[in-house]
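Descriptive analysis of the structure
Next come the chains, spelled out residue by residue.
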Amino acid sequence: MKKLFSQLTQELDAGRAAVLCGIVASHGSTPRGAGARMLVLEGGETSGTVGGGAVEVQAARLAGELLENRQSRFESYRLTPGDVADIGMICGGDVRVYFQYFDPANHTAREALETALTLLDGPGASWLVTEMDGGGWRMGTYDRTHGLRGLDVPPERLEPLLGSRGMLDEGETVLFAEPLTRAGTVYLFGGGHVGRELAHILAMTDFRVVVYDQRELTRGFFPDVSALLRGPFTEALERIGPVTAEDYVVIMTPGHQGDYEVLAQALRTPARYIGCIGSRKKTAAARERLLADGFTEVDVDRVYAPIGLPIGGETPAEVAVSVAAQLIACRSGRLEARP
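Residues numbered from 1 in each chain as written. Predicted model: local features only at pLDDT ≥ 70, side-chain atom pairs only at ≥ 80, totals over all residues. Heavy atoms only, no water.

Focus: the overall build of the protein chain
- Within the protein chain, the secondary structure is distributed over 10 helices and 16 strands.
- Across its three principal axes, the protein chain shows a C-alpha extent of roughly 70 × 45 × 40 Å.
- Within the protein chain, the fraction of its 339 residues that count as buried is 47%.
- For the protein chain, contacts bridging at least 24 residues in sequence account for 57% of all contacts bridging at least 6.
- Within the structure as shown, the protein chain displays about 16200 Å² of accessible surface, and the carbon and sulfur contribution to it stands at 50%.
- A gap of 4 Å separates the mean positions of the 34 positive and 44 negative side-chain charges of the protein chain. (Helix = DSSP H or I, 4+ residues; strand = E, 2+ residues; numbered from the N terminus. Buried < 20%, exposed > 50% of the residue type's maximum accessible area, 1.4 Å probe, protein only. Contact = heavy atoms within 4.5 Å. Areas by Shrake-Rupley, 256 points an atom, 1.4 Å probe, with all protein chains shown as cover. Lys, Arg positive; Asp, Glu negative; His and termini not counted. Charge placed at Lys NZ, Arg CZ, Asp CG, Glu CD.)

Structure representation (structure tokens):
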């Protein structure tokens, strides 16, 4: 979402309008659910996706018409073959899409976008809230620190919508709330070849990432992370600040000693996930050392090592995919819980 909103902001800064197509509700089997977005520009270029195939082709076509007419509207698409209103897809569900016309002169919308981009770099949970009324719309943001900004919605109506997925409320006005960021940060210790690939993939999957290494790291290798930190691994957890029960610790330093130093510190935190790269032989040796240093079996069993899901990959990019998949599974609640 950060890339999409940044691109939208650049278009508006250049005086060009755009239409943001967003799925606000879906039923049955569909390629994408609520919260999927596609940006359509004046020249016809698109970014993002609302599911591909015929629904995306038709959505892009309608967005082009709305750009010319300077309008916003809802549209529903049926993905059921044989139905009079179907669009030739066989998924078996239907999606409702809101086409949001952005006028470069709408400064209120620009402010909401800028606030959203700021929140996307923050550590806490936040939501984008859009209110639709007739052909118009208003947009705001919500986070626990600042509350609702840009809109006036009663708390009793807003709170039920602040979940882990996009939620639609069709009251007197239509209200749609979707997560901008989820609580929790991935603390990635080690910025080597696998770390670079992993940071990139995690940013694409909406994780907030902080990279820590003893070596000097350049922003060019980590353009999407929230922070690059440098310091000795012996003081790593002290330097990054408190690790909470919503955070993730990923350990892939340049050597076994660095891995162990960070791992021993991480086990003293309530981190939601602790993973350490290495072979089974290295993992067994680290386990014995941790037990000898006073950690319990329960402590050591918290660690996912060897790290990642067993997909058979060997290259840095393949290993990064397996680790990212494990973190996504942890975030979604699909990963087997550790004590």
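From this point on, the discussion continues.
Here we look at the packing of aromatic side chains
- Counting across every chain of the model gives 7 aromatic pairs.
- Here the aromatic rings of phenylalanine 74 and tyrosine 98 are separated by 4.7 Å at their centres, their planes lie at 50°, and the arrangement is tilted. Remark: tyrosine 98 occurs in strand S5 (residues 94–102) and phenylalanine 74 occurs in strand S4 (residues 73–78); sequence separation between them is 24 residues.
- Looking at phenylalanine 74, the relative accessible area reads 22%, which means it is partly exposed.
- With a relative accessible area of 3%, tyrosine 98 lands in the buried category.
- Ring centres of tyrosine 273 and tyrosine 304 lie 5.0 Å apart, and the angle between their planes is 10°; on these two criteria the pair is classed as stacked. Note that tyrosine 273 is positioned in strand S15 (residues 273–276) and tyrosine 304 in strand S16 (residues 303–304), a separation of 31 residues in sequence. In this structure, tyrosine 273 and tyrosine 304 share a single accessibility class: buried. (Phe/Tyr/Trp six-rings, centres within 6.5 Å; stacked < 30°, edge-to-face > 60°.)

Things to note about the nonpolar core
- Counting 27 residues, the largest nonpolar core has Leu198, Val209, Val250, Tyr273 and Leu327 as its most contacted members.
- Taken together, the elements giving at least two residues each to this core come down to strand S11 (185–189), helix H5 (193–204), strand S12 (208–213), strand S14 (248–251) and helix H10 (316–332).
- Per-element accounting of this core gives the leading share, 7 residues, to H10.
- Ignoring anything within four residues of it in the chain, the contact list for valine 250 reads Val186, Tyr187, Leu188, Phe189, Leu198, Tyr273, Gly275, Ile307, Val323 and Leu327. (Core = buried A, V, L, I, M, F, W, Y, C linked by side-chain atoms within 4.5 Å.)

A short note on unusual backbone geometry
- Of the consecutive residues alanine 305 and proline 306, the connecting peptide bond is found in the cis state with omega at -5°.
- Checked against the element boundaries, proline 306 lands in the loop between S16 and H10.
- You will see that arginine 70, though not glycine, has its phi angle at about 55°, which is positive.
- Tracing the backbone through its elements, the reader meets arginine 70 in the loop between helix H2 (53–69) and S4.
- Look at arginine 70 and you get exposed, because its relative accessible area is 52%.
- The residue aspartate 206 is not glycine, and still its phi comes out positive at about 70°.

Considerations on the pairing of S11
- Of all 5 residues making up S11, 5 are buried, and the element is well covered by its neighbours.
- Residue alternation in S11 divides its side chains into two sets, Thr185, Tyr187 and Phe189 and Val186 and Leu188, and both sets are buried.
- As judged from the 5 bridges shared by S11 and S12, these two strands associate in the parallel manner. The partner of tyrosine 187 across the bridge, within S12, is valine 210.
- With H5 bridging S11 and the parallel S12, this β-α-β connection has right-handed handedness. (Pairing = 2+ DSSP bridges. Right-handed = clockwise from strand over helix to strand, strands pointing away.)

Looking at the packing of H5 against H10
- Interaxial distance between H5 and H10 falls to 8 Å at its minimum, and their mutual angle equals 45°. Overall, the two elements H5 and H10 adopt an arrangement that is oblique. Seen along the crossing, H5 lies across H10 with a hand that is right-handed. Residues His193, Val194, Glu197, Leu198, Ile201 and Leu202 of H5 form the contact with H10, whose own contacting residues are Pro316, Ala317, Val319, Ala320, Val321, Val323, Ala324 and Leu327.
- Classifying every residue of the contact of H5 with H10 gives 12 nonpolar, 1 polar and 1 charged. (Axes fitted to C-alpha atoms, helices over the stretch in contact; angles between N-to-C directions. Parallel < 35°, antiparallel > 145°, perpendicular 65-115°, else oblique. Left-handed = near helix turned anticlockwise from the far one by under 90°. Nonpolar A, V, L, I, M, F, W, Y, C, P; charged D, E, K, R; others polar.)

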